[in-house]
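Fold and contact review
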Amino acid sequence: MAAVCGIDDCGVLAIGRCRDCGSAFCMSHQGRNPASGDGYAALCERCAARRHAATTSDRDVAPVQRLGDEQRWVMSGQAVRDLTAKGVPALPVIEQRRRAVKLRFGGERVEIDEIEVGTVWVLGRFEWTQPVDGVAETRERTTGLLAEPRGGYPVAAFRQAVARCRVTELGATLVRDGGAELESRAVPLIAQAARRLLR
């Protein structure tokens, strides 16, 4: 039987379960990032509000503002321009392309070509949340800053500028298994990691 929203006795079909309080929540009671409006994969409305209130207390006002500037630095594309101008080396993004090759006496075989489709600066391991068997699971994943995100810079959301990746001896491959959301607390850390590459 499918879970139903347990917030305020709502009873609507749930889309997730809160990692803080354990309550199932529907889309109406899903926590949202106040800056971007994106829904949190594993936080209900009440717990998201409590976390946000904790980070915006009087003693934290100045750092939160500074981190917002860092976020805009990445989203505008200025981070990529600065890294490129400084000559910070990026890894090529390699994708495998399959093609069928016809054989001389009939039939065909599949050949795999590895093609460079872009570049990425690997920034470290940061938290991503992904649904696994209906449960949101948060893990640290290798994360890179894309030199050319789909649609180009500026991007509308921070998550469009970064991607999970695997580093190989040839370069990096992007992880595209879908459904993963970057944790909001990772955003300022990623921006700081990009700044460190400029030193």
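Quantities reported herein were computed from a predicted structural model and do not represent experimental measurements.

Procedures and definitions
- Residues numbered from 1 in each chain as written.
- Predicted model: local features only at pLDDT ≥ 70, side-chain atom pairs only at ≥ 80, totals over all residues.
- Heavy atoms only, no water.
- Pairing = 2+ DSSP bridges.
- Helix = DSSP H or I, 4+ residues; strand = E, 2+ residues; numbered from the N terminus.
- Salt bridge = Lys/Arg side-chain N within 4 Å of Asp/Glu carboxyl O.
- Buried < 20%, exposed > 50% of the residue type's maximum accessible area, 1.4 Å probe, protein only.

1. A word on the pairing of strand β6 (residues 108–132)
Bridge analysis of strand β5 (residues 91–102) against β6 gives twelve bridges, and the strand direction is antiparallel. The residue bridging alanine 100 from the neighbouring strand is valine 110, located in β6. Counted between consecutive antiparallel strands, the loop separating β5 from β6 contains five residues, among which glycine 106 sits at a positive phi close to 95°. Pairing of β6 with strand β7 (residues 135–146), which is carried by twelve bridges, proceeds in the antiparallel orientation. By the bridge assignment, phenylalanine 126 is partnered in β7 with arginine 141. Between the antiparallel neighbours β6 and β7 lie two residues, among them aspartate 133 with a positive phi of about 55°. By the bridge criterion, two bridges tie β6 to strand β10 (residues 181–182) in an arrangement that is antiparallel. Its bridge partner being in β10, threonine 129 is matched across the sheet by glutamate 181.

2. What about the pattern of salt bridges?
Evaluation of the coordinates by the stated rule reveals eleven salt bridges. Across the pair aspartate 20 and arginine 50 runs a salt bridge whose closest N-O atoms are separated by 3.9 Å. In this pair, aspartate 20 sits in the loop between β1 (16–17) and β2 (24–25) while arginine 50 sits in helix α1 (residues 45–55), placing the two residues 30 residues apart along the sequence. Salt-bridge contacts for arginine 97 lead to glutamate 95; the nearest nitrogen and oxygen are separated by 3.1 Å. Using a relative accessible area of 38% as the deciding quantity, one classes arginine 97 as partly exposed. With a relative accessible area of 23%, glutamate 95 lands in the partly exposed category. If you follow the salt bridges from partner to partner, you end up with Arg19, Glu127, Glu183 and Arg185 in one network.

What is shown is where atoms sit, not what they do.
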